[in-house]
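Listed here are the chains, written in short residue letters.
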Amino acid sequence: MTQKNTWSDRFESALHPAIAIFNASIGFDIELIEYDLTGSVAHAKMLAKTGIISETEAEKLVAGLEEIRQEYRQGKFNPGIDAEDVHFAVERRLTEIVGDTGKKLHTARSRNDQVGTDIRLYLRAEIKNIQNQLRQFQAILLKLAENNVETLIPGYTHLQRAQPLSLAHHLLAYFQMAQRDWLRLADVYKRTNISPLGCGALAGTTFPIDREYSADLLGFEDIYQNSLDGVSDRDFAIEFLCAASLIMVHLSRLSEEMILWASEEFNFIKLKDSCATGSSIMPQKKNPDVPELVRGKTGRVFGHLQALLVIMKGLPLAYNKDLQEDKEGIFDGVKTVKACLEAMTILLEEGITFNRDRLNNAVNEDFSNATDVADYLAGKGIPFREAYNLVGKVVKTSLAGGKLLKDLTLEEWQQLHPAFESDIYDAIAPKRVVSARNSYGGTGFEQVRNAIIKAQNLLKSHSNT
Ligand code: ARG
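Note that this is a predicted model, so its numbers are computed, not measured. (Residues numbered from 1 in each chain as written. Predicted model: local features only at pLDDT ≥ 70, side-chain atom pairs only at ≥ 80, totals over all residues. Heavy atoms only, no water.)

1. With respect to the pairing of strand β1 (residues 152-157)
Relative to strand β2 (residues 160-166), β1 runs antiparallel, the two sharing 5 bridges. Of the residues in β2, the one forming a bridge with tyrosine 156 is arginine 161. (Pairing = 2+ DSSP bridges. Helix = DSSP H or I, 4+ residues; strand = E, 2+ residues; numbered from the N terminus.)

Put into structure tokens, the structure is as follows:
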């Protein structure tokens, strides 16, 4: 590491070896190489179009950059720490391949607008990938919902039995969360898809560049209006990590439910062998490692969001090396969200079975139909609050007598209130309790079937576009 470094002749001696390692980002920004090459190709073409370099020179540069792409894909391009970062590594290799013309590539460009371009190109592609994964996740939630409209599951508030639900309704709640996640990413995409290329180090450039042209070549929708903002803006990355964090919130909540459901206490689902793990000491155990890991990995993504916010908050304009610290969090955020979405989709698709008998017993053996008794009386003109108090008393005496509401005789009901008639039994049967909640967006089967049709149409319209 005593060789001379990459910068100008102003520097007389090389970096201290430990500082060279400390300073280098090649260990992680190699992840950007394909985008760096693509960005450089567009830059070279723009330089030729504006007459800053000749067509022949641009052709040479483009051919050289594509050769590096092939070398990289074949595992033959492995720059070391001495290259400092992916941008220097590419430029150095390019000059080896095409000779001195390679040294013209960096005309009218700085690593500051270059790295900003790379990271936007990377994130743009990954946002699309994550959106596609969200669609697959939604599709499997929808399939499970379609098969479980009339499967009932206890609904909870405060983790106390509240009112029974259609299992499909429960699953479709996650479909809606994923839909918001998808839309949020579509929105972040708009602000990611803006080109900083040509902003230079911070102030623009003396060369007659055409920023619109390179932006067009790269498929950017717009260009940054202010060069200082262009090189130092990371809002889009913060927004991405925020959207990623919310995806993780949703996956983590679903994970938490699945962990509970797989416990002996709930026993609502069984984990299949393909998605569960054993214990090294307790032979009877089958552990829900997948949802536990998803729940655990959520913290990393939140951490990356927090880290980037803190990195940005004290930065004077424009570029500061602190910005090199944006990358690992962004990369890990992307990888973590993708891995979690994939694992959860597999888990839902083939890793669990719903224990229908147990679910059926659960909703038949509790007081989650108590609201419906109150609604029954309210339907007969008794003020709801009065009915509510009366049913509270009924629950209390039933509990004391070790009975459920369905076990009360008609005489007992009528002693409680003369308005009760024999149709009370129908009114409190779990299926009826669920189907009666036919208000828009409620768990009533008719509502759930409508929600399924809407979800199907949404996924269909997406696959046609
Ligand atoms: N490796 C650097 C980064 O990730 C590239 C930009 C370097 N710019 C500079 N002025 N030193 O941010």
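Having seen the structure, we can now continue with the description.
2. Quick word on the site of the ligand
The immediate surroundings of the ligand are formed by Ser25, Asp29, Asp85, His87, Arg111, Asn112, Val115, Tyr319, Gln324 and Lys327. Here a nitrogen atom of the ligand and a side-chain polar atom of aspartate 85 are 3.0 Å apart. Between a nitrogen atom of the ligand and a side-chain N or O atom of asparagine 112, the distance comes to 2.9 Å. Burial of the ligand by the protein amounts to 87% of the accessible area it has alone, namely 340 Å². Considering each element in turn, the shell around the ligand owes the most residues, 3 residues, to helix α6 (residues 111-146). Among the residues forming the shell around the ligand, the class breakdown is 2 nonpolar, 4 polar and 4 charged. (Near = heavy atom within 4 Å. Polar contact = N/O pair within 3.5 Å; in protein donor to acceptor, adjacent residues only side chain to side chain. Areas by Shrake-Rupley, 256 points an atom, 1.4 Å probe, with all protein chains shown as cover. Nonpolar A, V, L, I, M, F, W, Y, C, P; charged D, E, K, R; others polar.)

3. Examining the pattern of salt bridges
Taken as a whole and judged by the stated rule, the model has 31 salt bridges. A salt bridge links lysine 431 to glutamate 150, with the nearest nitrogen and oxygen atoms 3.6 Å apart. Taken together, the residues span a long stretch of sequence, with lysine 431 in helix α18 (residues 430-435) and glutamate 150 in the loop between α6 and β1 at a distance of 281 residues. Ionic pairing is found between aspartate 372 and arginine 437, a salt bridge with its closest N-O pair at 3.0 Å. Pair noted here: aspartate 372 is in helix α14 (residues 370-379) and arginine 437 is in the loop between α18 and α19 (445-464), with a separation of 65 residues, a long-range link. A relative accessible area of 17% places arginine 437 in the buried class. Each of Glu34, Glu66, Arg69 and Arg73 takes part in a single network of salt bridges with overlapping partners. (Salt bridge = Lys/Arg side-chain N within 4 Å of Asp/Glu carboxyl O. Buried < 20%, exposed > 50% of the residue type's maximum accessible area, 1.4 Å probe, protein only.)

4. Focus on the packing of aromatic side chains
Tallying each qualifying case throughout the model produces 8 aromatic pairs. Measuring from ring centre to ring centre gives 5.9 Å for tyrosine 156 and phenylalanine 266, while their planes differ by 50°; the resulting arrangement is tilted. Of the two residues, tyrosine 156 is situated in strand β1 and phenylalanine 266 in the loop between α10 (235-262) and β5 (269-271); the sequence distance between them amounts to 110 residues. Measuring from centroid to centroid gives 5.6 Å for tyrosine 376 and phenylalanine 420, while their planes differ by 10°, and the two rings are stacked. Taken together, the residues tyrosine 376 in helix α14 and phenylalanine 420 in the loop between α16 (410-416) and α17 (424-427) connect sequence positions 44 residues apart. The residues tyrosine 376 and phenylalanine 420 share a single accessibility class, namely buried. Here the aromatic cluster, defined as three or more aromatic residues joined through ring pairs, consists of Tyr35, Tyr122 and Phe331. (Phe/Tyr/Trp six-rings, centres within 6.5 Å; stacked < 30°, edge-to-face > 60°.)

5. Describing the nonpolar core
Residues Leu123, Phe137, Phe240, Leu251, Met258, Leu348 and Phe354 are the most contacted members of the largest nonpolar core, which totals 80 residues. Among the elements that take part in this core, α10 stands out by supplying 13 residues, more than any other. Grouped together as the second largest cluster of nonpolar side chains are 25 residues, Val41, Met46, Val62 and Phe77 included. (Core = buried A, V, L, I, M, F, W, Y, C linked by side-chain atoms within 4.5 Å.)

6. Observations concerning the packing of α14 against helix α15 (residues 384-400)
Running from N to C, α14 and α15 cross one another at 140°; their axes reach a closest spacing of 8 Å. Comparing their axes, α15 and α14 come out oblique. You can see that α14 and α15 cross each other, and the crossing is right-handed. In contact with Ala370, Val373, Ala374, Asp375, Leu377 and Ala378 of α14, α15 contributes Phe384, Ala387, Tyr388, Leu390, Val391 and Val395. Split into classes, the residues belonging to the contact of α14 with α15 amount to 11 nonpolar, no polar and 1 charged. (Axes fitted to C-alpha atoms, helices over the stretch in contact; angles between N-to-C directions. Parallel < 35°, antiparallel > 145°, perpendicular 65-115°, else oblique. Left-handed = near helix turned anticlockwise from the far one by under 90°. Contact = heavy atoms within 4.5 Å.)

7. Quick word on the state of the cysteines
Applying the stated criterion across every chain yields a total of 0 disulfides. Free of any disulfide, cysteine 242 has its nearest neighbouring cysteine sulfur in cysteine 340, separated by 17 Å. Overall, cysteine 242 belongs to the partly exposed group, its relative accessible area being 36%. The thiol of cysteine 340 is unpaired, and the distance to the nearest cysteine sulfur, on cysteine 275, comes to 14 Å. (Disulfide = S-S within 2.5 Å.)

8. Regarding the environment of alanine 215
With respect to the secondary-structure elements, alanine 215 resides in helix α8 (residues 211-217). For alanine 215, a relative accessible area of 1% gives the class buried. For the pair formed by alanine 215 and serine 232, sequence separation is 17 residues and the distance between their alpha carbons is 18 Å. In this view, alanine 215 contacts Ser195, Phe220, Asp222 and Ile223; residues no more than four positions away in its chain are not counted.

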